Amino acid sequence: MGLFWDVMFRKPAGTAPSAAQAVPVQPLTLAQLQAAADQTLYRLGHSTVLLKLQGRFFMTDPVFSERASPFSFAGPKRFHAPPLALEDLPELEAVILSHDHYDHLDEATVKALAPKVRHFLTPLGVGKRLIDWGVPAEKVQQLDWWQSTRVGGVTFTATPAQHFSGRSLWDRNSTLWASWVMEVPAGMSKDVPADVPGDVPSQPASPALRVFFSGDTGYFDGFKAIGERFGSFDLTLMETGAYDARWPYVHMQPEQTLQAHLDLRGRRLMPIHNGTFDLAMHRWQDPFERILSLARLRSVELVTPIMGAPVDIRQPAPTSAWWQSPT
């Protein structure tokens, strides 16, 4: 109750941007997305990332609503608009969901997207929520940890995370949460049908591209296990934000985010779960500033694009510290 009181009524200054610190957004159009090169990524806000792989589009944890909340009139409000409207998105080969919290599973967004999504990939139990909302059951695949499926020429594996789930006071931990490994094998055709979920081989084939999406998680030894099983990652999309000393088991401090990236044997790190919603007691810029400082000390390449800016997953161009206040 004390924690709830602090978060609701004792917020320190700077947890959300002022008018002079507006989060920059690079507007996107459908034509730009369709013309983009393969293996391009766009950060749309919080943990919502759009990836173009094998000529098709995939999206993680889509949240386009004004608030990350069960209510339209209360709860954390967006710092910035999405770079493009829902109706301007292309057809999506798959939506990949990490868990069922409101800042990751947005009912209004799911319902609006459903007609243009071929597959929804979810941890166990989360898919039932989608089906209850009217998503056709044949579009939904629910995976346990270490199970994988191939969709549109990309292999997705649900991997462990240390978090929790629930959308009310009465359904705590009734569904699973997960991180995800995305693999594009070398020479894979763009027209490969989806496979039935199954166990991941002990020694998977070396991919042309490998991306890790952390979802929400505390730091735990699962990162080392994932790194040992899958080898290196071209890019890790890592939770870096909404942390606090009072909830260390479910969200990582930036020092732990960097260590998790190293455990995963990642080449480049993109900090996500920040810059869109006020979900903790730290300044909104703190996650960026702390991870940048830590990455420099450990010679880790950081990728921090403006919302909506294209990123070449293999060879990203240098990105700026856009969150810094103007001098």
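Residues numbered from 1 in each chain as written. Predicted model: local features only at pLDDT ≥ 70, side-chain atom pairs only at ≥ 80, totals over all residues. Heavy atoms only, no water.

### What about the overall build of the protein?
For step 1, the next point in the chain: Helices and strands together make up the secondary structure of the protein, namely 7 helices and 15 strands.
For step 2, the next point in the chain: At 18 Å, the protein has a C-alpha radius of gyration in line with the 20 Å of a compact globule built from 327 residues.
For step 3, the next point in the chain: Each principal axis of the C-alpha atoms in the protein carries an extent, and together these give about 50 × 45 × 40 Å.
For step 4, the next point in the chain: Expressed as a percentage of the 327 residues in the protein, the buried residues total 56%.
For step 5, the next point in the chain: Within the protein, counting contacts between residues at least 6 apart in sequence, those at least 24 apart form 71% of the total.
For step 6, the next point in the chain: Entry remark: accessible area of the protein is about 13800 Å², with carbon and sulfur atoms responsible for 54%.
For step 7, the next point in the chain: The average position of the 30 basic charges and that of the 33 acidic charges among the side chains of the protein differ by 2 Å. (Helix = DSSP H or I, 4+ residues; strand = E, 2+ residues; numbered from the N terminus. Rg over C-alpha atoms; globule rule 2.2 N^0.38 Å. Buried < 20%, exposed > 50% of the residue type's maximum accessible area, 1.4 Å probe, protein only. Contact = heavy atoms within 4.5 Å. Areas by Shrake-Rupley, 256 points an atom, 1.4 Å probe, with all protein chains shown as cover. Lys, Arg positive; Asp, Glu negative; His and termini not counted. Charge placed at Lys NZ, Arg CZ, Asp CG, Glu CD.)

### Some words on unusual backbone geometry
For step 1, the next point in the chain: One non-glycine residue with positive phi stands out, namely His46, at about 50°.
For step 2, the next point in the chain: Relative to the helices and strands, His46 resides in the loop between strand 1 (40–45) and strand 2 (48–53).
For step 3, the next point in the chain: The phi dihedral of Ser299 falls on the positive side, at around 55°, and the residue is not glycine.

### Points about the pairing of strand 7 (residues 147–151)
For step 1, the next point in the chain: By the bridge criterion, 4 bridges tie strand 7 to strand 8 (residues 154–159) in an arrangement that is antiparallel. Counterpart to Ser148 in the pairing with strand 8 is Thr157.
For step 2, the next point in the chain: Between the end of strand 7 and the start of strand 8, which pair antiparallel, lie 2 residues, with Gly152 showing a positive phi angle near 55°. (Pairing = 2+ DSSP bridges.)

### Focus: the confidence of the model for the protein
For step 1, the next point in the chain: Residue-level pLDDT values for the protein average 92, and 91% of them are 70 or greater.
For step 2, the next point in the chain: Counting contacts from residues 188–194, a segment whose pLDDT is below 50, to residues more than four positions away or on other chains yields 19 contacts.
For step 3, the next point in the chain: Counting interchain partners and residues more than four positions distant, the pLDDT-below-50 stretch residues 200–206 has 13 contacts. (pLDDT = per-residue confidence, 0-100.)

### Description of the nonpolar core
For step 1, the next point in the chain: The biggest cluster of nonpolar side chains holds 27 residues, and the ones touching the most others in it are Leu41, Phe156, Trp180 and Leu237.
For step 2, the next point in the chain: Among the elements of the structure, strand 2, strand 4 (92–96), strand 8, strand 9 (179–185), strand 11 (207–213), strand 12 (233–239) and strand 13 (266–272) are those that each provide at least two residues to this core.
For step 3, the next point in the chain: Leu41 has contacts with Val49, Leu50, Leu51, Leu235, Leu237, Met270, Ala309, Pro310, Val311 and Ile313, leaving out every residue within four places of it along the chain. (Core = buried A, V, L, I, M, F, W, Y, C linked by side-chain atoms within 4.5 Å.)

### Overview of the environment of His261
For step 1, the next point in the chain: Along the chain, the position of His261 falls in helix 6 (residues 254–263).
For step 2, the next point in the chain: Separated by 29 residues in the primary sequence, His261 and Ser232 place their C-alpha atoms 10.0 Å from one another.
For step 3, the next point in the chain: Ignoring sequence-local partners within four residues, the contact set of His261 consists of Thr236, Met238, Gly266, Arg267, Arg268, Leu269 and Val300.

### Things to note about the sheet that holds strand 15 (residues 310–312)
For step 1, the next point in the chain: Sheet architecture is open: 7 strands sit in the order 6-5-4-3-2-1-15, paired in mixed fashion. Of all strands in the sheet, those with a lone pairing partner are strand 6 (140–143) and strand 15, marking the two edges. Taking the axes of each pair of neighbouring strands and ignoring which way they run, one obtains an average angle of 20° across the sheet. (Axes fitted to C-alpha atoms, helices over the stretch in contact; angles between N-to-C directions.)

### Points about the pairing of strand 1
For step 1, the next point in the chain: Taken across its 6 residues, strand 1 has 6 buried, putting it largely inside the fold.
For step 2, the next point in the chain: In this sheet, strand 2 lies alongside strand 1 in antiparallel orientation, the contact comprising 5 bridges. Following the sheet pairing, Tyr42 is matched in strand 2 by Leu50.
For step 3, the next point in the chain: Counting the residues that bridge the hairpin from strand 1 to strand 2 gives 2 residues, and of these His46 lies at a positive phi of roughly 50°.
For step 4, the next point in the chain: In this structure, strand 1 lies alongside strand 15, joined through 3 bridges in antiparallel fashion. Within the sheet, the bridge partner assigned to Tyr42 lies in strand 15 and is Pro310.

### Structural notes on the side chain of Ser165
For step 1, the next point in the chain: The topology assignment puts Ser165 in the loop between strand 8 and strand 9.
For step 2, the next point in the chain: For Ser165, a relative accessible area of 1% puts it in the buried group.
For step 3, the next point in the chain: One polar contact links the side chain of Ser165 to the main-chain carbonyl oxygen of Thr175, over a distance of 2.7 Å.
For step 4, the next point in the chain: Not counting chain neighbours up to four residues away, the residues in contact with Ser165 comprise Asp100, His101, Asp171, Arg172, Asn173, Ser174, Thr175 and Trp177. (Polar contact = N/O pair within 3.5 Å; in protein donor to acceptor, adjacent residues only side chain to side chain.)

### Examining the pattern of salt bridges
For step 1, the next point in the chain: Taken as a whole and assessed by the stated rule, the structure comprises 16 salt bridges.
For step 2, the next point in the chain: With a closest N to O distance of 3.3 Å, Glu93 and Arg118 form a salt bridge. Here Arg118 lies in strand 5 (residues 117–123) and Glu93 lies in strand 4, a separation of 25 residues in the sequence.
For step 3, the next point in the chain: A salt bridge links Lys128 to Asp132; its shortest N-O distance comes to 3.0 Å. (Salt bridge = Lys/Arg side-chain N within 4 Å of Asp/Glu carboxyl O.)

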